[in-house]
Each structure stands twice: as structure tokens, then as C-alpha cells.
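One-letter residues, chain by chain:
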Amino acid sequence: MNWLFVGLLMCAASVGAGAFGAHGLRSALDAEHLALWETAARYFMYGGVVVALLGLAARGSNVDLRLTGWLLFVGSLIFSGTVAVIAVGGPRWLGAITPIGGTLLIVGILVFAWRMLEGQGTPAGF
């Protein structure tokens, strides 16, 4: 998987989602739901940035970061996806699933940090 490419696509999607919320949803949602939409877009950006960093770190490295990439990607999708669906009126019970995404994001970031700390074959500059 080209994690740099995936991370940058996530960042682009986040900017698009943020713009859609600010312009397309402003008149359709109340302040609370707009804030939820913004949170979803912001955390998708955070996930995208870390996935892109992972892609850079994986280049020329013998450290296996595939699991880390999947944890970050899936965690971002679950967290931001459930929050975005709730923001536009989806079922509130999705809020019970949101922490799974957040946990995957946290674990992914910690595993990434641990793998970089190990430094096995980390490319120059990392």
C-alpha cells in the first residue's frame, strides 16, 4: 500500500469535507451538528497527516509499517465517518462505535512511534 498517497488523499478529502460543512451544510445544520461535522473533518485530516508521515517513513526502510497504516486508516474512517453521519442526522447509537475508531487511531500512532523508536532501518531524516 502506498501510504503516502493514501494519507494525502485523506487530507484532500478532509479539506473538501470541511468546505462542504462550512458552505453546504451551514444552513441545514444547527451549531451543535456543524461542530460535529467540523470535528469529523479535522480528525480525518489528523489521520491523513499521520498516514502520510508513515508513508514517508516507510520509504527505504525495512521496518514493516503495514499494520500501523491500516490501524490509522481504518481508525480514521470509523471515527470520522460515524461522527459525520451523526452530524447529518444519522442514528445516535453510532456514537457507541466512534470510540473504536478513536482507539484504533491512538493505537496506530503509538505503534508508529514505537516502530520509529526501534529505528530498525529507518531512512535518513527520521
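That block above? That's the structure.
Cut-offs applied
- Residues numbered from 1 in each chain as written.
- Predicted model: local features only at pLDDT ≥ 70, side-chain atom pairs only at ≥ 80, totals over all residues.
- Heavy atoms only, no water.
- Helix = DSSP H or I, 4+ residues; strand = E, 2+ residues; numbered from the N terminus.
- Buried < 20%, exposed > 50% of the residue type's maximum accessible area, 1.4 Å probe, protein only.
- Expected span 1.5 Å × (residues − 1).
- Polar contact = N/O pair within 3.5 Å; in protein donor to acceptor, adjacent residues only side chain to side chain.
- Axes fitted to C-alpha atoms, helices over the stretch in contact; angles between N-to-C directions.
- Parallel < 35°, antiparallel > 145°, perpendicular 65-115°, else oblique.
- Contact = heavy atoms within 4.5 Å.
- Nonpolar A, V, L, I, M, F, W, Y, C, P; charged D, E, K, R; others polar.

## Let's talk about the environment of leucine 53
Within the fold, leucine 53 resides in helix H2 (residues 31-58). Classification of leucine 53 as partly exposed rests on a relative accessible area of 39%. Linking leucine 53 and isoleucine 97, residues 44 residues apart in sequence, is a C-alpha distance of 26 Å.

## Observations regarding H2
With 28 residues, H2 extends 40 Å between its outermost C-alpha atoms, agreeing within 8% with the 40 Å of an ideal straight helix rising 1.5 Å per residue. The backbone nitrogen of glutamate 32 lies 3.2 Å from a side-chain oxygen of the residue at the head of H2, namely aspartate 30. Within two residues after H2, glycine 60 carries a phi angle of roughly 70°, on the positive side.

## Re the packing of H2 against helix H3 (residues 66-87)
Across the interface, H2 lies against H3 with an axial gap of 8 Å and an inter-helix angle of 170°. Accordingly, the angle class assigned to the pair H2 and H3 is roughly antiparallel. Along the contact surface, H2 presents His33, Leu36, Trp37, Thr39, Ala40, Tyr43, Phe44, Gly47, Val50, Val51 and Leu54, while H3 presents Thr68, Gly69, Leu72, Phe73, Ser76, Leu77, Phe79, Ser80, Val83, Ala84, Ile86 and Ala87. Partitioning the contact of H2 with H3 into residue classes produces 16 nonpolar, 7 polar and no charged.

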